[in-house]
Amino acid sequence: MKYKEYKGLNYAEVADNILKYWQDNKIFEKSVDSREGNETFTFYEGPPSANGTPGIHHVMARAVKDIFCRYKTLKGFQVKRKGGWDTHGLPVELQVEKELGITKEDIGKKISVEEYNQKCRETVMRFKNEWDDLTRKMGYWVDLDDPYVTFNKDYMETLWYLLKQLYDKGLLYKGYTIQPFSPAAGTGLSSHELNQPGTYRDVKDTTVTAQFKIKGEENTYLLAWTTTPWTLPANTALAVGENINYVKVKTFNPYTFDEAYVILAKDRVAAYFNNKAADLKLEDYNAGDKLIPYEIVAEYKGKDLVGQEYEQLLPYVEPDGPAFKVIPGDYVTTADGTGIVHISPTFGADDQRVAKQAGIGAILVKDEEGNLGPIVDRQGRYVKEMGEFAGMYVKNEYYADGEAPEKSLDVLIGIKLKEENKAFNVVKYEHSYPHCWRTDKPVLYYPLDSWFIKTTAMKDKLVELNKTINWKPASTGSGRFGNWLENLVDWNLSRSRFWGTPLPIWVSDDRSEEKCIGTIEELKAEVEKSVAAGFMTENIGDDLDLHRPYVDDIILVSDSGQKMFREPDLIDVWFDSGAMPYAQWHYPFENKEIFDANYPADFIAEGVDQTRGWFFTLHAIAVMLYGKVAFKNVIANGLVLDKNGNKMSKRLGNAVDPFKTLAEHGPDATRWYMISNANPWDNLKFNIDGVVEVQRRFFGTLQNTYSFFALYANLDGFDFKDGEVNASDRTESDRWVLSKLNSLIKKVDEAYNEYEPTRAARLIQDFTIDDLSNWYVRLNRKRFWRGEFNADKKAAYQTLYTCLLTIAKLGSPVAPFYMEQLYQDLNAVTGLDVAESVHLTDFPVADDSIIDIDLEQRMDLAQNVSSLVHSLRKKHKIKVRQPLSKILLPVINDTFKRQVSAVEELILSEVNIKAIEFVDDESGVLVKRVKPNFSKLGKEHGKKMKAIAAQINQFKPEDIVALESDNNKVIDVEGEEIALTLEDVEITYQDIPGWSVASEGRLTVALDITISDELKKEGIARDLVNRVQNLRKDMGLEVQDKIKINIEKNTDLVNAALEANREYICNETQALSLDIIESLSDGSELEMDEHKLKVKIEA
RNA sequence: GGGCUUGUAGCUCAGGUGGUUAGAGCGCUACACUGAUAAUGUAGAGGUCCGUGGUUCGAGUCCACGCAGGCCCA
């Protein structure tokens, strides 16, 4: 049995083969089944929607999910991963509308709801095959055979069950929110519709800065500005910014010329008062003067104004609760207006929110049916209670052509306020305002009925439990998510659409009776009653579809015998996905045990854009119904942008095709690149060059290392079947790399465990490239190819084998295909692991007894010394093949000497030097430099630091000696004596006269660059060996083939070099003989620096 | 407009608790190696650490205010 050897590995092909291996051998299934009975690690899959094709960012998101599921499996947990599909919602509906060429209004008219929903059902899974294909090709292990689907009856029944639970807890109620509304079309507009291009247009409106008279104070007014004067009669509060500065200004009303004290933001004074009037005296003012004098008479903070009461501005209708107070508004600015914001809870979303928070009521009227409503009806007209303005449209645009009055309602209100000394300023103002895309008329912000989940009732619990969740990154949890919870509003569940889960609430005609249905069985029972009451002809069958229109046809009977109809709303699709922990198992109707074992989730991961989406709905439902978190650890990953940092979009053509990327570069390099390049929670600028680099640098190096191993292990028949070599029988470098390897295991385990995949990948990568390949293999190459298969060689094979196999296991969560191949290739020969897949093995366990920190330090020293010597050779243009006699190392301390001595051989062979000499103070050749220890001295002496540093830098050699011998030196700084010890300074050896010196930190190396005759000869011999090896290779000789070397007589130096090193040359080149011949007729001409040799080689 | 986030070499990223030569890889330049070879090694050049103020003996690091990009929400 041989280790597989490759000629140019195709990584995409590896993935294909491994994928087949997994499928044929059911490895994924086994990775779950083989952990049966073990502790479970629960992962929830956030369901994607299959009505569009997947993008490259899905590869990123799913790689993150996959990594931790695989890791936990290796750690022995059973990790069930049920896939899922999000199938309801607006995007699906819009897509269908577009394809059918219809609008929402046409549904139920041009096409039946039944047909329409059928179309949605067909559309929503359109790209399921592409998704499944991507899932497999990228190596995302998730159960595709039995996914949850949100439109399935079982799934929907659980939703109903959960809604009923909320209903029974009193957490489901009907209320209103302020939504964009088009009176002309008689319909609410979704935010999607409002985001259509062209909806926002610049319009000129009459704006009013109104005077709100403070209660109990003469002539004192709060000024508030509005671009919608028609909302002023609905005013119930004024909002200020708590940290904004306000002033009271004494002046005169520009319309009535009455004396007035007005309050507004300090920053806005300049906008309301003419600077030219600044110097005018109030007492010089005459009514009608153009310039109106003003004077600031008091100043307040916004929070000082909070609570101030004022008189109702336009008292047509009484408020339904406390009103006419100053309240805090977090969104108030001084960018425009007066810094005081007019609040009408019925006509602004912010208004409604801050009013509710402050316990302020609204201005409401009763319609004919006794329902409360705003002072504007659904056609956009003032209601009858509005006195002289009753029946007027609030916008002139709403009148039929030619019927609009000359003066709009806004203008009339402006006039009325001026006359009543209630307007401080009335002007036209151009601003951007949304328009209905269908009717072209302005949108109203209007209260519309909706069903809500009372999340605010559980706010404290939601906030508290959120703090127990491990968020990656933490800032998303405390910041974006935490702030969102702090400013929570009730969850608006209602959607007036067709394709979604219907709200299971039936209400009687007079709205006095309600029923919320929680199960299909319950529905049947209720229908039976209805049949008995004669409202329904027959009961529903088992094949009932819970979608519209079927449920709409169901009429129930109330306890008092009234007909009950379903509330026509659908529920927010986010409820669908937030309910997946329960609904995916059709809990509580089935699978109770599975649910219990898999709730809550240990881990979920999704894009950061889901913070207020899925992350919230999962959390909200779990906390409200079960008082628990839904997930314990969560990674909120960032976006995948194009290489220039722009959002990818199909429209712009900068979207990266995931299938193409996977096919060209393979899933492993793609995944490794995505994970190692940046933390998943940072945005990733996806650059295909980066994938190529990862492939070349990491996978290329790893594969080369494996190939190197395989080449020689095959020659020697190494199969690791006769036990492990003792640590004591291994070389220093063997023990070093194994120590590093075990340190690596620890760190990687820790990184995965802390949900830091980037750290894990980088650790593995650095070990593979720097420690294993660039140091261990390079230094030990000869051990692999020289001589017979002895104990030392075996140790080398075992060491390298262990490193490679461990890398395969550690890296398998990130690069599941390639690492599987590596594992298989290694294990096929040795059979040391019984598992048939790397994904069925156990995660490596670090052996502390192998970790030797001192050894790791020693090797660091060897590397640093070598690097310095290389740099010196470079400086003097002496190539490594030319041996040199010695280097000098100043001894920093005893440990240093001991550590360097232990790796002396390594250094000598690495840099081709004959000897290391240590020098210390007694040698007298060292020139010392001293540097202050800033961090220590700075803490103690603070301000004097500069003076101290200046003095230390001027120490003479004898000062340093004195300090060293006494461990004490007193210096005088600005009259104060400061005693220094050795700890206060850093002593380095900066220079050795007559030597070539390089240093890094405290380490200094001096190189003897004199090349003696003998060294020169050895250099020539080494050069020759090198050239002969080339010739051998050119001749196509095998490593073990023997040769004869003939060389034509050359200069005395060269001849002497050959004679002196004959044995060495023959040994290295597998030569039986080396003869110097007077004349060679047919040899090859070799150039070695200034020497030219004629050489002939015979096999 | 608000919340969160990012800004360090041409590119991608590291840089506990403030401490005096700001690092790595890629790319570039030069050299070396040539039995890991469609590999490999070494060195060099390359930085107003986004800006402006502040705190401090000392700021890439702490504070404030900005600027630019991103996401979410208004």
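Fair warning: this is a prediction, and the values are worked out from it, not measured in the lab.

Caption draft 1: Spatial organisation of the overall build of chain A. A tally of helices and strands in chain A yields 34 helices and 40 strands. Whereas a compact globule of 1099 residues would reach a radius of gyration of roughly 31 Å, chain A reaches 41 Å, over 25% beyond that. Overall, chain A is about 125 × 90 × 55 Å in size when its C-alpha atoms are taken along their principal axes. For chain A, with 1099 residues in total, the buried portion stands at 54%.

Caption draft 2: Expanded view of the pattern of salt bridges. Per the counting criterion, the structure on display carries 64 salt bridges. Ionic pairing is found between Lys416 and Glu388, a salt bridge with its closest N-O pair at 3.2 Å. Of this pair, Lys416 sits in helix H12 (residues 409-419) while Glu388 sits in the loop between strand S14 (372-373) and H12, and the two are 28 residues apart along the sequence. Residue classification places Lys416 among the buried residues on the basis of a relative accessible area of 16%. In this structure, Asp1023 engages Lys879 in a salt bridge whose closest nitrogen and oxygen atoms are separated by 3.6 Å. In this pair, Asp1023 sits in helix H32 (residues 1013-1035) while Lys879 sits in the loop between helix H26 (853-875) and strand S29 (884-890), placing the two residues 144 residues apart along the sequence.

Caption draft 3: Structural view of the packing of aromatic side chains. Under the criterion given, the structure shown has 65 aromatic pairs. Ring centres of Tyr673 and Phe686 lie 5.6 Å apart, and the angle between their planes is 80 degrees; this geometry places the pair in the edge-to-face category. Of this pair, Tyr673 sits in helix H20 (residues 658-677) while Phe686 sits in the loop between strand S28 (684-685) and helix H21 (688-716), and the two are 13 residues apart along the sequence. Considering the side-chain rings of Phe709 and Tyr797, the 6.1 Å spacing of their centres and the 85 degrees angle between planes classify their relative orientation as edge-to-face. Separated by 88 residues along the polypeptide, Phe709 in helix H21 and Tyr797 in helix H24 (residues 791-811) bring together distant segments of the chain. A single burial state applies to Phe709 and to Tyr797, both of which are buried. Ring pairs connect the aromatic residues Tyr3, Phe708, Phe709, Tyr712, Phe718, Phe720, Phe784, Phe789, Tyr797 and Tyr801, which therefore count as one cluster.

Caption draft 4: Spatial organisation of helix H1 (residues 11-25). With 15 residues, H1 should cover 21 Å at 1.5 Å per step; its first-to-last C-alpha distance of 21 Å lies within 8% of that length. Residues Tyr11, Ala12, Val14, Ala15, Ile18, Leu19 and Trp22 constitute the buried set of H1. Around the axis of H1, the buried residues are gathered within 150 degrees of arc, so they sit on the same side. The exposed residues of H1 that point more than 90 degrees off its buried face are Lys20 and Asp24.

Caption draft 5: Geometry of the nonpolar core. Core analysis: the biggest nonpolar cluster contains 126 residues, and Trp672, Phe709 and Tyr752 have the highest contact counts within it. Of the residues forming this core, the biggest block, 11 residues, is contributed by H21. Once residues within four sequence positions are removed from consideration, Tyr752 is found in contact with Ile67, Phe68, Tyr71, Ala760, Ile764, Leu810, Gly811, Pro813, Val814 and Phe843.

Caption draft 6: Molecular detail of the environment of Tyr300. Considering the arrangement of structural elements, one finds Tyr300 in strand S10 (residues 295-301). It is 9.1 Å that separates the C-alpha atoms of Tyr300 and Ala265, two residues lying 35 residues apart in sequence. When residues no more than four places from it in sequence are discounted, the contact partners of Tyr300 are Ile244, Asn245, Tyr246, Val247, Lys248, Ile263 and Leu305.

Caption draft 7: Spotlight on unusual backbone geometry. Cis geometry marks the peptide bond from Lys472 to Pro473, where omega comes out at -5 degrees. Inspection of the secondary structure puts Pro473 in the loop between strand S17 (470-472) and helix H14 (474-486). In this structure, the amide linkage connecting Tyr599 to the following residue, Pro600, adopts the cis form with an omega of -5 degrees. Inspection of the secondary structure assignment puts Pro600 in the loop between helix H18 (592-597) and strand S25 (601-607).

Caption draft 8: Spatial organisation of the sheet that holds strand S37 (residues 1043-1048). Across the sheet, which stays open at both edges, the 4 strands sit in the order S38-S37-S40-S39 with mixed pairing between neighbours. On the outer flanks of this sheet lie strand S38 (1071-1077) and strand S39 (1084-1088), each paired with one strand and no other. On average, each strand axis in the sheet is inclined to that of its neighbour by 30 degrees, with strand direction left out of account. Sheet topology note: the S37/S38 ladder contains 6 bridges and is parallel. Looking across to S38, one finds that Glu1048 is bridged to Ile1077. H32 rests against S37, S39 and strand S40 (1091-1098) of the sheet, and its axis sits at about 140 degrees to S39. Across the face of the sheet, helix H34 (residues 1062-1069) comes into contact with S37 and S38 while running at roughly 135 degrees to S38.

Caption draft 9: A look at the UniProt feature "binding site: ATP" (unreviewed entry) in chain A. The UniProt record marks Lys650 with the feature "binding site: ATP" (unreviewed entry), using the residue numbering of this structure. Within the secondary structure, Lys650 is located in the loop between strand S27 (640-641) and H20.

Caption draft 10: Quick peek at the sheet that holds strand S35 (residues 996-1000). Across the sheet, which stays open at both edges, the 4 strands sit in the order S30-S29-S36-S35 with mixed pairing between neighbours. This sheet does not close on itself; its edge strands, each paired only once, are strand S30 (913-919) and S35. Strand-to-strand twist in this sheet, taken as the mean axis angle between neighbours without regard to direction, amounts to 25 degrees. Sheet analysis places S29 next to S30, joined by 6 bridges and oriented parallel.

Caption draft 11: The arrangement of helix H19 (residues 611-626) in detail. The largest bend in H19 amounts to roughly 30 degrees and is located at Thr617. With 14 of 16 residues buried, H19 lies mostly within the body of the structure.

Caption draft 12: Layout of the side chain of Gln765. You can see Gln765 is positioned in helix H23 (residues 757-785). Among residues more than four places away in sequence, those in contact with Gln765 are Trp672, Ser676 and Phe698.

Rules used in this analysis
- Residues numbered from 1 in each chain as written.
- Chains lettered and ligands numbered in written order.
- Predicted model: local features only at pLDDT ≥ 70, side-chain atom pairs only at ≥ 80, totals over all residues.
- Heavy atoms only, no water.
- Helix = DSSP H or I, 4+ residues; strand = E, 2+ residues; numbered from the N terminus.
- Rg over C-alpha atoms; globule rule 2.2 N^0.38 Å.
- Buried < 20%, exposed > 50% of the residue type's maximum accessible area, 1.4 Å probe, protein only.
- Salt bridge = Lys/Arg side-chain N within 4 Å of Asp/Glu carboxyl O.
- Phe/Tyr/Trp six-rings, centres within 6.5 Å; stacked < 30°, edge-to-face > 60°.
- Expected span 1.5 Å × (residues − 1).
- Arc of directions from axis to C-beta.
- Core = buried A, V, L, I, M, F, W, Y, C linked by side-chain atoms within 4.5 Å.
- Contact = heavy atoms within 4.5 Å.
- Pairing = 2+ DSSP bridges.
- Axes fitted to C-alpha atoms, helices over the stretch in contact; angles between N-to-C directions.
- UniProt positions renumbered as here; feature names shortened; annotations may be inferred.
- Bend = angle between axes of the 7 residues up to and from the residue.

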